[in-house]
Structures are given as structure tokens and as C-alpha cells.
Amino acid sequence: MSDPRPIGVFDSGVGGLTVLRELQRQLPSESTIYFADLGHFPYGPRYQAQVRHFALNIIRFLEKLDVKMVVIACNTATAAALNAAREVFDIPIIGVITPGAEAAVAATRNKRVGVISTEGTMQSQEYLHAIREANPTIGVLPKAAPQLVDLVESGKANAPETEAVLREALQDILDYRADTLILGCTHYPLLRPLITKIAGDNMTVVDSAETTAARVKRVLAKNGLESAENETARHRIYVTGSPERFTETARHLFGQDLPPITTVRLELVEELSGREGAA
Ligand code: DGL
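As the structure is a computational prediction, the values presented were derived from the model and not from experiment.

**Q** Whenever I open this one, the overall build of the protein confuses me. Can you help?
**A** Summing up its helical and strand segments, the protein has twelve helices and ten strands in all. When its C-alpha atoms are laid out on the principal axes, the protein stretches across 50 × 40 × 40 Å. Buried positions account for 56% of the 279 residues belonging to the protein. Excluding contacts between residues fewer than 6 apart, the proportion of contacts in the protein whose partners are at least 24 apart in sequence is 78%. Of the roughly 12,400 Å² of accessible surface on the protein, a fraction of 47% belongs to carbon and sulfur atoms. When the 29 basic and 34 acidic side-chain charges of the protein are each reduced to a single mean position, those positions are 4 Å apart.

Below, the structure is given as C-alpha cells:
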């Protein structure tokens with residue numbers, strides 16, 4: 001049994017592309033549709049209810065495009081909307097928090113895990129719950145680093161100002177002597193070179209892109225949802241809002257293989273999702 005339909009993946013911007021890239025690496029015959037909600041970027045400082053509303057509309061939009069699975073490639077949206085989305089949709093939906101939390105629990109030797117994320121993800125405490133669900137004896141130090149998202153989105157992942165912000169964000173986690181760091185925002189894997197420079201090689205860095213893609217692979221295989229191996233994968237990107245900055249960073253990640261980008265009006269997403277005017 002095989003299923004050639006695409007996997008839907010979404011984020012507020014370029015962050016989820018780190019998950020998309022990993023999905024394409026681990027699952028080369030799978031087609032994908034990536035949705036970047038640039039018109040509502042950033043999600044991090046918003047109320048959870050608002051992020052949930054955006055996320056549910058995007059999932060409805062992706063469902064209309066006949067995806068076979070949805071990956072919420074955004075920690076903030078996973079924290080705000082994963083449970084609600086699973087109650088509303090029958091389509092399989094995977095978030096980025098549990099895979100990262102489980103990988104961190106498996107990796108830590110001294111039972112101290114640091115998490116850097118957006119404000120919204122930190123407030124939700126979803127990482128703490130997911131880590132302690134896997135092992136209740138593990139200490140967790142969460143830290144919000146909201147400026148990093150903007151810096152990454154504007155193509156400054158290696159800039160000196162980014163290093164300064166990152167050093168400050170990581171200081172408490174280093175003082176706590178956490179041996180494992182979760183990149184609790186899908187924008188942060190783009191900061192890996194700076195993170196290694198600041199935290200050194202002794203810190204295990206857990207990137208939700210890798211762990212989430214591995215989970216998608218397992219779920220597809222277990223449920224007979226994989227594409228046939230000889231299937232030619234097709235990739236598309238939809239964005240709400242102006243794609244200039246997005247395209248630049250995306251090109252940096254994907255080079256010549258950057259999928260075609262279509263801009264959709266925010267209103268269209270509301271209309272197609274059948275929830276026009278919903279608050
Ligand atoms: N990439 C999103 C995440 O993983 C956050 C970016 C934003 O604030 O919109 O949390």
C-alpha cells in the first residue's frame with residue numbers, strides 16, 4: 001500500500017524550512033506543501049488563542065489541498081494548537097515538541113535540560129510537561145529568546161548582534177550546567193554554528209527538525225502512508241504576505257532546489273477554511 005499525496009508543513013516563516021529540509025532528506029520520495037504564514041509573523045509574542053485560530057485555518061487550507069498528514073513545524077503553534085487540531089481534524093497531525101523533548105530525555109546524562117524558545121512556547125510550559133512525561137526526575141530550565149526569531153528571519157543568523165543576544169539567552173542555561181539544549185523554536189537550527197561556538201562541544205543540541213522528521217517517517221511507515229519509492233516528489237510553497245526576505249533565506253537553505261513559491265491572500269485562507277470572520 002502506498003499514498004502519493006503530499007505532506008503539509010507549516011510555520012510562521014522560514015523556521016519550519018529546517019523541518020522541511022530534514023523531511024526531504026529523510027523521505028526523498030515524499031511530496032510536500034509548505035505554508036509560511038508571513039502575514040501573521042511572528043507567532044511568538046501573540047496570544048495562544050490567536051495562534052490557534054491561525055493554525056486551524058492553515059490546517060483546513062492544507063486539507064483542501066489534499067495532504068495526507070500535517071506537520072506543525074513551529075513550536076509556538078504546536079504549543080497553542082496541536083491538541084485542539086487533533087480534536088477538530090481526522091487527518092494525522094504531528095507537532096515538534098514531543099519529538100524534541102523525548103530526544104533530550106534520551107540524551108541527557110546529568111538530567112539537566114535547557115530549552116530556548118519564543119515567549120509563547122515558554123509560557124505554555126509544553127516542553128516541561130513533555131520532558132517530565134518521559135522522565136519526571138529531569139530538571140528543566142526554559143528561557144525565552146524572542147529577538148532571535150526576527151534576527152534569523154532577516155537573514156542575520158551569523159551576525160555579531162545575534163551572537164550577543166544568543167550569549168545572553170544561553171548564560172543561565174550554561175550556569176545551570178545543563179548538558180542538553182533543546183532548540184525549542186524551528187528558527188533556531190539556523191543558529192547552530194553560533195550555538196556551538198558559545199556552548200562548546202560538550203552540550204548536546206537537540207534540533208526538533210531531525211527528531212520530527214524521524215517521527216513522520218515512523219508514522220508513515222506504520223500506517224502504510226508512504227509514497228512508492230519510485231514516486232517523483234513534488235514540492236510547493238505557499239506564503240501569506242511579502243516573500244522577499246523569506247525567499248532569500250529559503251534560497252540559502254535549499255539553493256537551486258528551492259520549491260516554487262505562490263503568494264496567497266490571508267483572506268483567501270480564511271475563506272477556503274470556511275471560517276471567514278471567525279475570531
Ligand atoms: N518558528 C516558530 C517556532 O518554532 C516561531 C517563530 C515566530 O515567533 O513566529 O516557535
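**Q** Hey, could you run me through the pattern of salt bridges in this one?
**A** Across all of its chains, the model carries nine salt bridges by this definition. A salt bridge links Lys-197 to Glu-163, with the shortest nitrogen-to-oxygen separation between them at 3.0 Å. Pair noted here: Lys-197 is in helix α9 (residues 192–199) and Glu-163 is in helix α8 (residues 160–175), with a separation of 34 residues, a long-range link. For Lys-197, a relative accessible area of 54% gives the class exposed. According to the relative accessible area criterion, Glu-163 is buried, its value standing at 15%. Salt bridges sharing partners connect three or more residues here, namely Asp-3, Arg-5 and Asp-66.

**Q** What's the story with helix α3 (residues 75–88) in this structure? I'm lost.
**A** A turn of α-helix holds 3.6 residues, and therefore any two residues three or four places apart point the same way. Between its first and last C-alpha atoms α3 spans 19 Å; for 14 residues at 1.5 Å apiece the expected length is 20 Å, and the two agree. Roughly 55° is the biggest bend found in α3, and it falls at Ala-81. Among the 14 residues of α3, ten are classified as buried, and the element is accordingly described as predominantly covered. Taken together, the buried positions of α3 are occupied by Asn-75, Thr-76, Ala-77, Thr-78, Ala-79, Ala-80, Ala-81, Leu-82, Ala-84 and Ala-85.

**Q** What should I look at first to understand the environment of Pro-136 in this one?
**A** Mapped onto the secondary structure, Pro-136 falls in the loop between α6 (126–134) and β6 (139–144). Take Pro-136: its relative accessible area is 61%, and that puts it in the exposed class. Residues Pro-136 and Val-105, 31 residues apart in the sequence, show an inter-C-alpha distance of 10.0 Å.

**Q** Help me understand helix α2 (residues 48–64) in this model?
**A** Look at α2: 24 Å from first C-alpha to last across 17 residues, which is about the 24 Å you get at 1.5 Å a residue. Those residues of α2 lying buried are Val-51, His-53, Phe-54, Ala-55, Leu-56, Asn-57, Ile-58, Ile-59, Arg-60, Phe-61 and Leu-62. A positive phi of about 60° marks Asp-66, the residue just after α2.

**Q** So what exactly am I meant to see when it comes to the site of the ligand here?
**A** In the vicinity of the ligand lie 14 residues, with Ser-12, Tyr-43, Gly-44, Asn-75 and Thr-76 positioned nearest. Contact distances for the ligand include 2.6 Å between an oxygen atom and a side-chain N or O atom of Thr-76. A distance of 2.8 Å is found between a nitrogen atom of the ligand and a side-chain nitrogen or oxygen belonging to His-187. Taking 300 Å² as the accessible area of the ligand by itself, protein coverage stands at 99%.

**Q** Looking at this model, I keep getting lost on the sheet that holds strand β7 (residues 180–184). Mind explaining?
**A** Each strand in a sheet pairs with its neighbour through backbone hydrogen bonds, running either in the same direction (parallel) or in the opposite one (antiparallel). Taken together, four strands build an open sheet; the order of strands is β6-β5-β7-β8 and the sheet is parallel. Edge positions in the sheet fall to β6 and β8 (204–207), since each has one partner strand and no second. Across the sheet, the mean angle from the axis of one strand to that of its neighbour is 20°, orientation sign disregarded. Both strand β5 (residues 112–117) and β6 contribute to a ladder of six bridges, which runs parallel. Each residue of the ladder has a partner; that of Ile-116, found in β6, is Lys-143. Running at roughly 155° to β5, α8 makes contact with β5, β6 and β7 of the sheet.

**Q** What exactly am I supposed to notice about the sheet that holds strand β1 (residues 7–11) here?
**A** With respect to topology, six strands assemble into an open sheet ordered β4-β3-β1-β2-β9-β10, the strand pairing being parallel. Edge positions in the sheet fall to β4 (93–94) and β10 (261–263), since each of these pairs with one other strand and no more. Where β1 meets strand β3 (residues 69–72), four bridges bridge the pair, whose relative direction is parallel. Residue Val-9 lies in a different strand from β3, and its bridge partner there is Val-71. Strands β1, β2 (32–36), β3 and β9 (235–239) of the sheet are contacted by helix α1 (residues 17–26), whose axis makes an angle of about 175° with β2.

Cut-off values and rules
- Residues numbered from 1 in each chain as written.
- Predicted model: local features only at pLDDT ≥ 70, side-chain atom pairs only at ≥ 80, totals over all residues.
- Heavy atoms only, no water.
- Helix = DSSP H or I, 4+ residues; strand = E, 2+ residues; numbered from the N terminus.
- Buried < 20%, exposed > 50% of the residue type's maximum accessible area, 1.4 Å probe, protein only.
- Contact = heavy atoms within 4.5 Å.
- Areas by Shrake-Rupley, 256 points an atom, 1.4 Å probe, with all protein chains shown as cover.
- Lys, Arg positive; Asp, Glu negative; His and termini not counted.
- Charge placed at Lys NZ, Arg CZ, Asp CG, Glu CD.
- Salt bridge = Lys/Arg side-chain N within 4 Å of Asp/Glu carboxyl O.
- Expected span 1.5 Å × (residues − 1).
- Bend = angle between axes of the 7 residues up to and from the residue.
- Near = heavy atom within 4 Å.
- Polar contact = N/O pair within 3.5 Å; in protein donor to acceptor, adjacent residues only side chain to side chain.
- Pairing = 2+ DSSP bridges.
- Axes fitted to C-alpha atoms, helices over the stretch in contact; angles between N-to-C directions.

Nothing here speaks to function; it is all geometry.
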